[in-house]
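The primary structure of each chain is shown beneath.
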Amino acid sequence: TMAEGVGAAPRLAELLESGRRLWEEAENGAEPSSGAPAVQEKVRRGLEALRRAAAMVQELELFSENEELDEIASADLRYLLVPALLGALTVKQVDLSKRLEHLESARAQFWSFLKLCRSYGIGDFQLPPAAAPSPSSGEEDGGSPSPRGPVTAQPSLVAMALSRKTKIERYNQKKELESKLASLRTSVESGQADEDQVREFYILELKKWINTSLEEIESIDEEMVLLRSRGAVKQSPAAPPGASRPGRTPLKPFILTRDAAQARLFGAGYPGLPTMTVDDWYEQRRRQGVAPGQTVPQRAPGVTDEELQKQQQEKKEEEDDEEALQKARSWDDWKDTHFRGYGNRQNMG
C-alpha cells in the first residue's frame, strides 16, 4: 500500500488541489449567484475531481478509525479534508428537483469528516446526529444538550442562549484559526516549512473545517425539515383528488333595489342587466323552492345543474302572470326610447 501511495501521491495531491481551488472560485467568485452557469460548471468539475480523490484515498487505505493521529504522515493530513470539500461543493448544486437528495449527500459527507476527526481526537466538539431530524421531531431531538427542568419556556430560552454562545465561540475560533493559517500558508505552499510547521498548518486547517462542517450541518438540517414539511403538505391535499363540490345553479347577474322607483332609476343606466325589488327577488326565490334558511334550490337525486335550471325556467314561465308579462313588455318599450345614462346630468365630470 505504501508503494502504491508513493506513486499515486502526486496525482492525489493534484486532484485535491484542483477540487479545493474550484470550491474557492465558486465560493468567492465575482458571479452574483451560485446558480450562474459558470459557477455550476466549477461545482461540477470540483465534485468530479474530489470524488476521484475520495476513491483513491479509500483504495490506498490512508486513514483508519483504529489508529492514532501521530501515525498519519504530516503530508497525508490534508487528505482528511476530501469529504468536507465534497460536502461544501455538493450543497452548492442548485437543481431544485434534486435538492433534498443533494442536502442528504452533503450532510453525510460533512458528518463523515467530523466522525473521522473525532476518532483522531482533532478538535473539541460534539458530534451531531447521524441523520437530520424529521419535520415532526421536537427541538430536544436536535442532538444539543439542554438542561432539564419544568415544562415552561425557560428551557428553550436557555437552549437558545447556549446556541448563541456556541456560535459566537465558533466564530471567534474560526477567525483565530484563519489568522494562524495565514501566517503559515506562504512557507508551507512554497515548500520552505519544516515538518512540524506543515503538520501544524494542516491540523489548523482541519479544525477550521470542523467549525464550517458543524455550521453547514445545522443549516442543512433546517432546510431539510422545511423541504420535507412542504413535501408532506403536497402529498396530502385538503380534498381527495376527484372530489368535487355539490353543483350549484348559476345565478344570472342583476341589480337588487328597494322598490320599483329605484328599479326604474338604476335600470336606466344598465340596460343589459335586469332589475328587481327585494320583494320581487324574494318571491322569485320562493317560487324556485328556496326557503329563507337555504342557499340553493333542493333537487332530486341524480338531477344535474342543467336539468334543474331547465325545470326552474319552465316553472317560472308557467307561473308568470299577465301583470309580470305586461311589466316586462313596458320595460322593453321604455328602453327602446331611452338610451343608457338617460337623465344622469348632475355629475357631468
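Residues numbered from 1 in each chain as written. Predicted model: local features only at pLDDT ≥ 70, side-chain atom pairs only at ≥ 80, totals over all residues. Heavy atoms only, no water.

- As annotated in an unreviewed UniProt entry, the chain carries the name IGBP1 protein and comes from Trogon melanurus.
- On record in UniProt, under Sequence similarities (unreviewed entry), the comment for the chain is "Belongs to the IGBP1/TAP42 family." (UniProt positions renumbered as here; feature names shortened; annotations may be inferred.)

**Brief notes about the overall build of the chain**
- Within the chain one finds 10 helices and two strands.
- In sequence order, the chain lays out its α and β elements as α-α-α-α-α-α-β-α-β-α-α-α.
- Expressed as a percentage of its 349 residues, the buried residues of the chain come to 29%.
- Of all intrachain contacts in the chain linking residues separated by at least 6 positions in sequence, the fraction that spans at least 24 positions is 65%.
- Carbon and sulfur atoms make up 51% of the accessible area of the chain, which totals about 23300 Å². (Helix = DSSP H or I, 4+ residues; strand = E, 2+ residues; numbered from the N terminus. Buried < 20%, exposed > 50% of the residue type's maximum accessible area, 1.4 Å probe, protein only. Contact = heavy atoms within 4.5 Å. Areas by Shrake-Rupley, 256 points an atom, 1.4 Å probe, with all protein chains shown as cover.)

**Focus: the environment of Tyr120**
- On the secondary structure map, Tyr120 appears in helix α4 (residues 99–120).
- Along the backbone, Tyr120 and Phe63 are 57 residues apart, and their C-alpha atoms lie at a distance of 9.7 Å.
- If we ignore the near neighbours within four places in the chain, the residues touching Tyr120 are Phe63, Ser64, Glu67, Glu68, Leu69, Ile72 and Leu80.
- Looking at Tyr120, its side chain comes within polar contact range of the main-chain oxygen of Ser64, at 2.9 Å.
- At 2.5 Å, the side chain of Tyr120 and the side chain of Glu67 are in polar contact. (Polar contact = N/O pair within 3.5 Å; in protein donor to acceptor, adjacent residues only side chain to side chain.)

**Brief notes about the packing of aromatic side chains**
- In this structure the tally under the stated criterion is two aromatic pairs.
- Ring geometry for Phe201 versus Tyr202: centroids 5.6 Å apart, planes at 65°, classification edge-to-face.
- What makes Phe201 buried here is its relative accessible area of 4%.
- Its relative accessible area of 11% is what places Tyr202 among the buried residues. (Phe/Tyr/Trp six-rings, centres within 6.5 Å; stacked < 30°, edge-to-face > 60°.)

**A word on helix α6 (residues 195–235)**
- For α6, with 41 residues, the first-to-last C-alpha span of 57 Å sits near the 60 Å given by 1.5 Å per residue.
- For α6, the capping residue at the N-terminal end is Asp194, with a side-chain oxygen 3.3 Å from the backbone nitrogen of Asp196. (Expected span 1.5 Å × (residues − 1).)

**As for the environment of Lys180**
- Positionally, Lys180 belongs in helix α5 (residues 154–189).
- Residues Lys180 and Leu204, 24 residues apart in the sequence, show an inter-C-alpha distance of 7.8 Å.

**Digging into the packing of helix α3 (residues 82–90) against α4**
- Interaxial distance between α3 and α4 falls to 8 Å at its minimum, and their mutual angle equals 160°. The orientation of α3 relative to α4 falls into the category roughly antiparallel. Between α3 and α4 lies a crossing of left-handed hand. For the pair α3 and α4, the contacting residues are Pro83, Ala84, Leu86, Gly87, Ala88 and Thr90 in the first and His102, Ser105, Ala106, Gln109, Phe110 and Phe113 in the second.
- Of the residues contributing to the contact of α3 with α4, the split by class is seven nonpolar, five polar and no charged. (Axes fitted to C-alpha atoms, helices over the stretch in contact; angles between N-to-C directions. Parallel < 35°, antiparallel > 145°, perpendicular 65-115°, else oblique. Left-handed = near helix turned anticlockwise from the far one by under 90°. Nonpolar A, V, L, I, M, F, W, Y, C, P; charged D, E, K, R; others polar.)

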